[in-house]
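Here's the letter readout for the chains.
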Amino acid sequence: MSIITLIGAGQMASALTFPLFENGHEVRLVGSPLDDGVIERLREDNYHVNLLRTLHTGIHYYKDSEREEALQGADLVVCGVSSFGVDWFADEIFPVLDENVPVISVTKGMLDLEDGTMMTYPEYWQTKLPEGSRLELYAIGGPCTARDLADHDPSFVGYCGPDMETLQWIRSLFATDYYIISLTRDVVGLECAVALKNGYALGTALAIGMAEKAGDDGINHNNSEAALFQESVKEMMDLLRIVGGGVDNIMYAAGDLNVTVAAGRSRTVGLLLGKGLPIEEVMKQLKGQTLEAVVIATRTARAVKALARAGKVKESDFPLLMHVNALLNEGAVLNIPWKEFQKEVQ
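Residues numbered from 1 in each chain as written. Predicted model: local features only at pLDDT ≥ 70, side-chain atom pairs only at ≥ 80, totals over all residues. Heavy atoms only, no water.

Draft legend 1. Expanded view of the packing of aromatic side chains. Taken as a whole and assessed by the stated rule, the structure comprises nine aromatic pairs. Relative to Phe89, the ring of Trp88 lies with its centre 6.4 Å away and its plane at 65 degrees, an arrangement referred to as edge-to-face. The class for Phe89 is buried, based on a relative accessible area of 0%. An aromatic cluster of at least three residues, connected via ring pairs, comprises Trp88, Phe89, Phe94, Tyr121 and Trp125. (Phe/Tyr/Trp six-rings, centres within 6.5 Å; stacked < 30°, edge-to-face > 60°. Buried < 20%, exposed > 50% of the residue type's maximum accessible area, 1.4 Å probe, protein only.)

Written out as structure tokens, the structure is:
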């Protein structure tokens, strides 16, 4: 039995308590400063008010003020914050961690630098660690929604990090007959792949909104959504090449794109834009919700524009991304550039 401390009581970190607890480990779930209400309810009856599921009896719950106790004796720490908690985790959690205890993160996202460099969160966190730190950072990517995992729907994901032996050990803690894990040392490839999918899920969902606006004619039209899906995969693969990630990781991006288009906030943003609503109205309707798709699409487009100015890529090679960015940030009217998706391959 190992002791696993998950910091951040968000939906995915909380869903991961299922395989961990069922594998016989001691599971400690620590709320962020925003999770006090979640932890209080979990202590009452194990019900997670955001995940909408009841966790296993026997999990230990801690508020952020009690995190020091929760970290004592931990064999593995899981970062369970959203992309908006990246700096909080670096500033508040890293300094109190035992450097001999690895950290694995569920946080998906990516930063862009002024020169167009796209940086994964594990790479960013490395820049925040003290010089000479021995702390090892690992990450989780791939298509897995929290509620499906909690319901034991078979899920296939990827874990990445610097050391394969440690990855194999981490996998042994989580793996079950319904939670399947591949391993890779290609952190850039996996993490960029699953970060990009949020922006492209928004783009693919435009077709869903367009169909809803057109009205139900009794026929389930799929061609337009499929066209946006395949253009998304093509552009994501090109972006993986740009960042130096292995293109084999496109399978995680494609799988993650599929589940994200099916449900969630990224789908909703794209759907509303596809109905013709301006981004200001979309933001108003979704006020208070974490809209990571808007952030990642904006950052990715900004990176491509910077690379284009440097002569390293062409904006025209990313027509869907550029149109999504125009809808989000330039006041553009919905007009998907279908013909720009055409390719001529010799």
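There is more to say after this.
Draft legend 2. Representation of the state of the cysteines. Counted by the stated rule, this structure contains zero disulfides. Summary of cysteine pairing: Cys144 is not part of a disulfide, and the nearest cysteine sulfur, belonging to Cys160, is at 15 Å. Relative accessible area serves as the criterion here: at 11%, Cys144 is assigned to the buried category. Here Cys160 is not cross-linked by a disulfide; its sulfur's nearest cysteine counterpart is in Cys192, at 10 Å. (Disulfide = S-S within 2.5 Å.)

Draft legend 3. Spotlight on the pairing of strand 10 (residues 137–141). The buried count for strand 10 comes to five of five residues, which makes it a mostly enclosed element. Here strand 7 (residues 103–105) pairs with strand 10 via three bridges, running parallel. Note that in strand 10 the partner of Val103 across the bridge is Leu137. Strand direction decides the pairing type here: strand 10 and strand 11 (residues 155–160), joined by three bridges, are antiparallel. Along strand 11, the bridge assignment pairs Ala139 with Cys160. (Helix = DSSP H or I, 4+ residues; strand = E, 2+ residues; numbered from the N terminus. Pairing = 2+ DSSP bridges.)

Draft legend 4. Here's a closer look at the environment of Thr127. Note on placement: Thr127 falls in helix 6 (residues 121–128). Along the chain, Thr127 and Ala139 lie 12 residues apart, while their C-alpha atoms are 16 Å from each other. In terms of polar contacts, Thr127 uses its side chain to reach the backbone carbonyl oxygen of Tyr124, at 2.5 Å. (Polar contact = N/O pair within 3.5 Å; in protein donor to acceptor, adjacent residues only side chain to side chain.)

Draft legend 5. Representation of the side chain of Thr176 in the model. Mapped onto the elements of the fold, Thr176 is located in the loop between helix 8 (164–174) and strand 12 (179–184). The class for Thr176 is buried, based on a relative accessible area of 16%. In this structure the side chain of Thr176 is engaged in a polar contact, spanning 3.1 Å, whose partner is the backbone nitrogen of Tyr178. If near-sequence neighbours (up to four positions away) are discounted, Thr176 is found in contact with Pro19 and Asn23. (Contact = heavy atoms within 4.5 Å.)

Draft legend 6. Spotlight on unusual backbone geometry. The backbone of Leu52 shows a phi angle near 65 degrees, a positive value even though the residue is not glycine. As for its placement among the helices and strands, Leu52 is situated in the loop between strand 3 (47–48) and strand 4 (53–54). For Leu52, a relative accessible area of 38% corresponds to the partly exposed category. Positive phi values are uncommon outside glycine, yet His152 reaches one of about 70 degrees. With respect to the helices and strands, His152 occurs in the loop between helix 7 (146–150) and strand 11. A relative accessible area of 31% places His152 in the partly exposed class.

Draft legend 7. Representation of the side chain of Thr5. Inspection of the secondary structure puts Thr5 in strand 1 (residues 3–7). Look at Thr5 and you get buried, because its relative accessible area is 0%. Among the polar contacts listed, one links the side chain of Thr5 to the backbone oxygen of Ala70, at a separation of 2.7 Å. Apart from the residues lying within four places of it in its own chain, the contact partners of Thr5 are Arg28, Val30, Ala70, Leu71, Ala74, Leu76, Val77 and Val78.

Draft legend 8. Structural detail: helix 11 (residues 250–262). In a regular helix each residue adds 1.5 Å, so 13 residues correspond to 18 Å; helix 11 covers 18 Å between its end C-alpha atoms and thus fits that length. For helix 11, every residue scored as buried is listed here: Ile250, Tyr252, Ala253, Ala254, Asp256, Leu257, Thr260 and Val261. The elements touched by buried residues of helix 11 are strand 10, strand 11, strand 12, helix 9 (187–214), helix 10 (223–243) and helix 12 (265–274). Taken from the residues just after helix 11, Gly264 is the one with a positive phi, measuring 115 degrees. (Expected span 1.5 Å × (residues − 1).)

Draft legend 9. Quick peek at the nonpolar core. Formed by 50 residues in total, the largest nonpolar core has its most connected members in Tyr200, Leu202, Met236, Val269, Leu273 and Leu328. Among the secondary structure elements, those contributing two or more residues to this core are helix 9, helix 10, helix 11, helix 12, helix 13 (279–285), helix 14 (292–309) and helix 15 (319–329). For this core, the element with the most residues is helix 9, which contributes 12 residues. In this structure Leu328 touches Leu202, Leu273, Ile279, Val294, Ala297 and Thr298, once residues within four positions along its chain are discounted. Membership of the second largest hydrophobic core comes to 37 residues, among which are Leu76, Val78, Ala146 and Leu167. (Core = buried A, V, L, I, M, F, W, Y, C linked by side-chain atoms within 4.5 Å.)

Draft legend 10. Highlighting the packing of helix 14 against helix 15. Their axes nearest at 9 Å, the elements helix 14 and helix 15 cross at an angle of 120 degrees. In terms of orientation, helix 14 lies oblique with respect to helix 15. Crossing geometry of helix 14 relative to helix 15 is assigned as left-handed. Between helix 14 and helix 15, the residues in contact are Val294, Ala297, Thr298, Thr300, Ala301, Val304 and Lys305 and Leu321, Met322, Val324, Asn325, Leu328 and Asn329, respectively. A per-class count over the contact of helix 14 with helix 15 returns eight nonpolar, four polar and one charged. (Axes fitted to C-alpha atoms, helices over the stretch in contact; angles between N-to-C directions. Parallel < 35°, antiparallel > 145°, perpendicular 65-115°, else oblique. Left-handed = near helix turned anticlockwise from the far one by under 90°. Nonpolar A, V, L, I, M, F, W, Y, C, P; charged D, E, K, R; others polar.)

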